[in-house]
Amino acid sequence: MGPNSVFRLAIFTISCYVSGALAAFGYTSSGGNYIVDAGSSNPLVFSVSQSSCDINSIKFRGTELQYGSQGSHIGSGLGTATVSINQISGSSKYIKISCVTSTLTHYMIVREGDSIIYMATYITAQPSIGELRFIARLLPDKLPNEYPYGSVSNTNGASSAVEGSDVYLVNGQTRSKFYSSTRFIDEDSHCVYGGSDVINVCIITPQQESSSGGPFFRDIDSNNAGASTNLYNYMNSGHAQTEAYRTGLHGPYLMQFSRSGVPNLKGADVSWVGELGLTGYVAASGRGTVSGTASGVPSGMQGVVHWYNSAAQYWAKTSSNGAFTSPLMKPGTYTMVLYQTEFKIASTSVSVSAGRTTTANIASTYSSTRKSLFKIGEYDGQPTGFRNADKIQRMHPSDTRMSSWSSTYTVGSSALSDFPMAVFQSVNSPVTIKFTLASAPGAATLRIATTLAFAGSRPQTTVNGWAGAAPSAPSKIDSRGVTRGTYRGYGEVYDLSIPAGKLVAGSNTITISSLSGSSGDTFLSPSFIFDCVELFT
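Just so we're clear, the structure is a prediction, and the values are computed from it rather than from any experiment.

**Focus on the overall build of the protein**
Assigned secondary structure in the protein consists of one helix and 38 strands. Seen along its three principal axes, the alpha-carbon backbone of the protein occupies a region of about 105 × 55 × 45 Å. With 537 residues in all, the protein has 53% of them scored as buried. In the protein, the share of contacts with a sequence separation of at least 24, taken over all contacts with a separation of at least 6, comes to 69%. For the protein, the accessible area works out to roughly 21500 Å², and carbon and sulfur atoms hold 49% of it. If the 36 positive side-chain charges of the protein are averaged to one point and the 32 negative ones to another, these points end up 2 Å apart.

As structure tokens, then:
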């Protein structure tokens, strides 16, 4: 090979390297699609349908990641939308894609140099396409793995369905996309990943102000379903729904592509989004905050302050001395709630004004002035410590790794883990509690705090054979919960007044059964989850 040929080969090699490493920021139109190049050092190029708003190709570092048979989109796809694109110059260069229907505008944004698709979704009504979610459908051979919970939501290779079309048996273990969920208040990033040169694709949601459910709500995050590996941002859904859907702008949220580890929420910068004219966006200057001190949260429990109204929701954890400051909030009047972990102990209201910090303290109003004869668990809004509570978020209650649901609990000798976290009408009803009293206490109260009920289930109690009054049915939640890894609902608390003479000196027995007008088989029978059981005078 002559020197000129060597020179031309060298130039060609360098030019190929540069074009792969330093891509050109911009977009083109081809074949009914907008093709967007992020101009990032780790090249990200994706394609969006000009008729449906579906993402139908995603190439990161030259590797195609998008599932071919279905796109990545809002809901199960908008079907048709008015799709437009423009390039904007501000503090940086941006490309903004807008997809408009009669009740929804979905934005996809690229900032020059970022391997990130920034998104926001504005709605005036819950979309007719169903749940308000973004779903990225990706190739399982490229991105087979899930983070942070691993294989619990990987249903690839399922041998049979355990329940409905969303809980399966894989290699002898129960798996479901629902087992990938994290409480809103704990969300950082959730990802799918794979490859020898590991590629992470992650969803990061800096805030869920326009979603519903509050700080402890959880929903599907990821699922290797076999045909595709799916990555989600759920904004509104009917899964264990406890409040009305909110409208307005959901986001911004990020789908970030990385080959240098898992990106995190702390590193997400969306301060510039106000430059882009998104419908419903409220800038920091148009918001206010609430600061104060929360008191009365017992030692060892996390204080959480929650603000909500029909338009928005926010939350903050308290420091060790009870101090808190809210996130930046939209102006308005909010209900302000204090929880000890997840158990509600106070509620008040507060008004927020743009550009101002409102001082508002909050103190527990939950009375502890009583003589406790026994207490099983703590009032923390969770089934913490009870049997199988450590497993229920990541597997079905029928899973062979679960301990037996049936047991008799003896006060003073049984471990907390001997008490089942839930009563299932067709599985372990009733639950029996045995205890000894030094003397007859006279009249007493049995308090049963619950976290979630299914099919109208509530506790029916007997005390030494005496049947307590049947409590009223709880507020209905129109979906499965505990079998999908959820323990939180409305959190009903039931107080049973026990007349004098029903409790005796010596041995006593209480049974707690599931009462419901409905029926069902095994773990789909009516059920409720325990938070705490206390007998006091």
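**Things to note about unusual backbone geometry**
Geometrically, the link from Tyr147 to Pro148 is a cis peptide bond, its omega value of 15° lying close to zero. Along the polypeptide, Pro148 turns up in the loop between strand 12 (145-147) and strand 13 (160-163). Omega for the peptide link from Gly251 to Pro252 comes to 5°, which places this bond in the cis form. Topologically, Pro252 is positioned in strand 20 (residues 248-258). Positive phi values are uncommon outside glycine, yet Ala455 reaches one of about 60°. As for its placement among the helices and strands, Ala455 is situated in the loop between strand 33 (444-454) and strand 34 (458-463). With relative accessibility at 25%, the residue Ala455 sits in the partly exposed group. Positive phi values are uncommon outside glycine, yet Thr522 reaches one of about 40°. Within the fold, Thr522 resides in the loop between strand 37 (506-515) and strand 38 (527-536).

**Concerning the environment of Leu328**
Note that Leu328 resides in the loop between strand 24 (323-325) and strand 25 (332-340). On the basis of relative accessibility, which here comes to 42%, the residue Leu328 falls in the partly exposed class. For the pair Leu328 and Gly288, spaced 40 residues apart in sequence, the C-alpha separation works out to 5.5 Å. With near-sequence residues (within four places) excluded, Leu328 lies in contact with Ala284, Arg287, Gly288, Thr289 and Tyr314.

**Some thoughts on the sheet that holds strand 14 (residues 167-170)**
Strands sit in the order 13-14-15 across an open sheet of three strands; the sheet is antiparallel. Single-partner strands in this sheet number two, and they are strand 13 and strand 15 (173-176). Going from strand to strand, the sheet's axes swing by 45° on average, the running direction of each strand aside. Taken together, the four bridges between strand 14 and strand 15 define a ladder with antiparallel strand orientation. Within strand 15, the residue paired with Tyr168 across the bridge is Arg175.

**Here we look at the state of the cysteines**
Under the defined criterion, the tally for this structure stands at two disulfides. Across the disulfide from Cys53 sits Cys99; the S-S distance is 2.0 Å. Looking along the S-S bond of the Cys53-Cys99 disulfide, the torsion reads about 80°, which is the right-handed sense. With a gap of 46 residues between them, Cys53 in the loop between strand 3 (44-49) and strand 4 (55-60) and Cys99 in strand 8 (residues 93-100) connect regions that are remote in the sequence.

**Some points on the environment of Ile512**
If you trace the backbone, Ile512 turns up in strand 37. Through-space distance from the C-alpha of Ile512 to that of Ile433 is 8.2 Å; in sequence the pair is 79 residues apart. Those residues in contact with Ile512 that sit more than four places away from it in its chain are Val423, Pro430, Val431, Ile433, Ile448, Pro459, Gln460, Thr461, Phe528, Phe530 and Val533.

**What about the pattern of salt bridges?**
Throughout the structure, instances matching the rule amount to 21 salt bridges. Two residues, Lys142 and Asp141, come together in a salt bridge whose shortest N-O distance is 3.2 Å. Each member of the salt-bridge network shares a partner with another, and the members are Arg183, Asp186, Lys317, Glu342 and Arg488.

**Focus on the nonpolar core**
Of all hydrophobic cores here, the largest spans 40 residues; its most connected members are Phe46, Phe134, Val201 and Met255. Of all the elements, strand 11 (residues 132-138) adds the most residues to this core, at four residues. Excluding residues that lie within four positions of it along the chain, Met255 makes contacts with Ile58, Ser115, Ile116, Ile117, Met119, Phe134, Ala136, Val201, Cys202 and Ile203. Counting 39 residues, the second largest nonpolar core, distinct from the first, contains Ile376, Ile477, Ile529 and Leu535.

**With respect to the sheet that holds strand 9 (residues 104-111)**
Read from one edge to the other, the open sheet built from eight strands follows the order 7-8-9-10-20-17-16-12, with strand pairing classed as antiparallel. Each having just a single partner strand, strand 7 (82-89) and strand 12 make up the two edges of the open sheet. Taken over all neighbouring pairs, the strand axes of this sheet differ in orientation by 20° on average, direction set aside. Of the strand pairs in this sheet, strand 7 and strand 8 are connected by eight bridges, and their pairing is antiparallel. Following the sheet pairing, Ile88 is matched in strand 8 by Tyr94.

**Observations regarding the environment of Val493**
Structurally, Val493 can be placed in strand 36 (residues 493-498). When the C-alpha positions of Val493 and Cys532 are compared, they lie 9.2 Å apart, and in sequence the two are 39 residues distant. Apart from the residues within four sequence positions on either side, Val493 is in contact with Phe343, Arg447, Ile448 and Ala449.

**Examining the pairing of strand 8**
Among the eight residues that make up strand 8, six are buried, leaving the element largely enclosed by the rest of the structure. Between strand 7 and strand 8, which pair antiparallel in sequence order, lie three residues.

**Remarks on the pairing of strand 19 (residues 229-236)**
Residues in a regular strand project their side chains so that they alternate between the two faces of the sheet. By the criterion of burial, strand 19 is predominantly enclosed, with eight of the eight residues buried. Pairing between strand 11 and strand 19: seven bridges, direction antiparallel. Along strand 19, the bridge assignment pairs Arg133 with Tyr234. Strand direction decides the pairing type here: strand 18 (residues 222-224) and strand 19, joined by three bridges, are antiparallel. For Asn223, the partnering residue across the bridge sits in strand 19 and is Asn230.

Thresholds applied
For every chain, the first residue of the written sequence is number 1, and numbering continues from 1 onward in sequence order. Given that the model is predicted, a residue must reach a pLDDT of at least 70 before its local features are reported, and side-chain atom pairs must reach 80 or more before they are shown or counted; all residues, however, enter totals for whole chains, interfaces and linings. With hydrogens and water set aside, each side-chain value is computed from the structure's full complement of heavy atoms. Strands are runs of DSSP state E lasting at least two residues, helices are runs of H or I lasting at least four, and both sets are numbered from the N terminus onward. Buried residues are those whose accessible area, probed at 1.4 Å on protein chains only, stays under 20% of the maximum for their type, while exposed residues exceed 50% and partly exposed ones sit between those limits. Every residue pair with non-hydrogen atoms within 4.5 Å of one another is taken to be in contact. Here the open area of atoms and residues is found with the Shrake-Rupley method and a 1.4 Å probe, where only the protein chains shown may cover a residue. Note that His is not counted, nor are the chain ends; the positive residues are Lys and Arg, and the negative ones are Asp and Glu. By convention, charge coordinates are those of NZ in Lys, CZ in Arg, CG in Asp, or CD in Glu. Strands qualify as paired when DSSP identifies two bridges or more between them. Convention adopted: a line fitted to C-alpha atoms gives each axis, helices being fitted over their contacting stretch, and angles between N-to-C directions are expressed from 0 to 180 degrees. Disulfide assignment relies on a single distance test, namely cysteine sulfur atoms paired within 2.5 Å. Any Lys or Arg side-chain nitrogen found within 4 Å of a carboxyl oxygen on Asp or Glu counts as a salt bridge. We define a nonpolar core as any set of buried Ala, Val, Leu, Ile, Met, Phe, Trp, Tyr and Cys residues linked to one another through side-chain atoms lying within 4.5 Å.

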